[in-house]
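Here's the letter readout for the chains.
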Amino acid sequence: MNKHYYITTPIYYINDVPHIGHAYTTIAADIMARYKRICGFDVFFLTGTDEHGQKVEKAAEQQGISPKELADRTVHRFSDLWETLNISNTGFIRTTEERHRKVVQYIFEKVFENGDIYLGHYEDWYCVPCETYFTETQLKDGMCPDCLRPTEKLKEESYFFRLSKYEEKLLNYMENHKDFILPEVRYNEVASFLKGGLRDLSVSRTSFNWGIPVPMNKNHVVYVWFDALANYITGIGFLDDVDQFKAFWPCDAHLVGKDILRFHTVYWPSFLMSLNLEPPKHVFAHGWWTIEGHKMSKSLGNVIDPNEVVKIYGVDEFRFFLFREVPFGLDGDFSKHGIVNRINGDLANDFGNLASRSVTMIGKFLKGKIDRPEKKGGMDEYVEDNVRRLVEEYQKEMEVFAYHKALQNAFEIISILNKYIDTEAPWRLAKEGDNRIKTVLYNIWNSLRIVAMLLYPYMPSKSQAIWNALGIGKPIDKILFDTEKIFYFMDDLGTIDKINPIFPRIEG
């Protein structure tokens, strides 16, 4: 393969408890990674954990252990969850790894040598949870504008990055790459922020010790965002694997929550420009999830644990709900009523029932084997034309992370197929001995196979189960989209007979 695709999630704070927000970003990246693989790309999908900073140091101190011990004890909460959610990541990066320390110190030194880092003093209002300084005018009633918690007035010696130098360069880059920041509303936010002017950025700390030492001054540790953002090049082989780095950089897509958009679209590309590296091609910022209409918070006790959700509803069902319920990029609400409705409506009634009816009819009327189509009539050409059209629409939507619309295309095919079965009534054709039943069931088999492929990135296990029920022995994750999106005949199918309910209804 010579087509490469590189996608990332943010690295997650090690002392966070994994919740629906972490799952959302990571599943979103997994969907694209799986889609690109079946489109013939060599995909690198990176996720990981952010293990430095004052928050981690304080949390470890409270537990009477070292920060590294805390990180080692808690990292599995994320890696285990990704396994549970069937995440197909290629790499997993921890910022405490030696390979990452080498990269961070190397790039700090290089940017310093380029004249873009200088020593000075910093005084401003600091939010420990957000690891961010704010000016007095940025505060909201004296509180952090992002998390609304108290801030501290701090003054310390600090190295600064000449962020102000990159204001025009960033604006020009955005002007020439209108799809750099997605969706469009986020592009406008960043453009407005840049036009407000940039101040130089403090990129080291002396007030705590848990971090990567600044190479030219061991009294300083590298500011957590300079450290964390560099994971995207560490994870793909910067300094270690030159060929891999050249193949995959620049990154095709960083997926982030809207709260960390500025770090990824202002700080990160500026650091890269200073290093003479290309900025990422796209940064996609998604919205936040509320829970039953309320903001998610530990104090309200409504933080959703994805591990518990999938025990009740199923992994594929949870993955599907997140992207069927809300357009990717907007805020969404998680509710028991919402997920039950999606499972019982879209999955059990529409898709699951279609699969069950189709497999049963092929088993009953064609003795479990698809036949070559013969005469055409009725809705036959309409079905094939619309499946072809909707597959093309699906591909367009997937390319711009319009997951909600891509799923709508798949479910429009499902709706057409259900109508096709009701209109053409294969049981009647069988009773009348009409040879057109071969054509109708051939069309149903092909269309259902294609729908399962379209839904595979979202529901990998259930899609494979439908392929198995259709007599297709090959793994769906090894297919090529362009080969499978057309109607074709297979004479070496396994037996098609009956299927257990793929999506059992949820009662209550």
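Before reading on, note that the structure itself is shown above.
Since the model is a prediction, treat every value here as computed from it, not as a measurement.

1. A closer look at the sheet that holds strand β16 (residues 332-334)
Two pairing modes exist for strands in a sheet, parallel and antiparallel, and in both the strands are linked by backbone hydrogen bonds. Pairing is mixed in the open sheet, where 3 strands are placed in the order β15-β14-β16. Each end of this open sheet is capped by a strand with a single partner; those strands are β15 (294-295) and β16. Taken together, the 2 bridges between strand β14 (residues 289-291) and β15 define a ladder with antiparallel strand orientation. Bridging across to β15, Ile291 finds its partner in His294.

2. Some words on the nonpolar core
Counting 107 residues, the largest nonpolar core has Phe318 and Phe323 as its most contacted members. For this core, the leading source of residues is helix α17 (residues 436-455), giving 13 residues. In this view, Phe323 contacts Tyr24, Ile27, Ala28, Ile31, Phe328, Tyr403, His404, Leu407 and Tyr458; residues no more than four positions away in its chain are not counted. Residues Phe161, Ile233, Ile236 and Met273 belong to the second largest nonpolar core, which totals 60 residues.

3. Some details on the environment of Thr132
You can see Thr132 is positioned in strand β5 (residues 132-134). Under the relative-accessibility criterion, Thr132 is labelled buried at 4%. Sequence-wise, Thr132 and Asp146 are 14 residues apart; in three dimensions their C-alpha atoms are separated by 9.6 Å. Beyond its immediate stretch of four places on either side in the chain, Thr132 contacts Trp125, Tyr126, Cys127, Tyr223, Trp225 and Phe263.

4. With respect to the packing of aromatic side chains
Scanning all chains against the criterion turns up 43 aromatic pairs. Between Phe323 and Phe328 the ring centres are 5.6 Å apart and the planes differ by 65 degrees, which places this aromatic pair in the edge-to-face class. Comparing Phe323 with Phe328 shows no difference in burial state: the two are buried. In this structure, Arg324 packs its charged tip against the face of Phe411, placed 4.6 Å from the ring centre.

5. A short note on unusual backbone geometry
The residue after Leu182, namely Pro183, is reached through a cis peptide bond having omega -10 degrees. Even without being glycine, Asn86 reaches a positive phi, approximately 60 degrees. With respect to the helices, strands and loops of the structure, Asn86 is situated in the loop between α3 (67-84) and β3 (91-94).

Conventions adopted
- Residues numbered from 1 in each chain as written.
- Predicted model: local features only at pLDDT ≥ 70, side-chain atom pairs only at ≥ 80, totals over all residues.
- Heavy atoms only, no water.
- Pairing = 2+ DSSP bridges.
- Helix = DSSP H or I, 4+ residues; strand = E, 2+ residues; numbered from the N terminus.
- Core = buried A, V, L, I, M, F, W, Y, C linked by side-chain atoms within 4.5 Å.
- Buried < 20%, exposed > 50% of the residue type's maximum accessible area, 1.4 Å probe, protein only.
- Contact = heavy atoms within 4.5 Å.
- Phe/Tyr/Trp six-rings, centres within 6.5 Å; stacked < 30°, edge-to-face > 60°.
- Lys NZ or Arg CZ within 6 Å of the ring centre and 35° of its normal.

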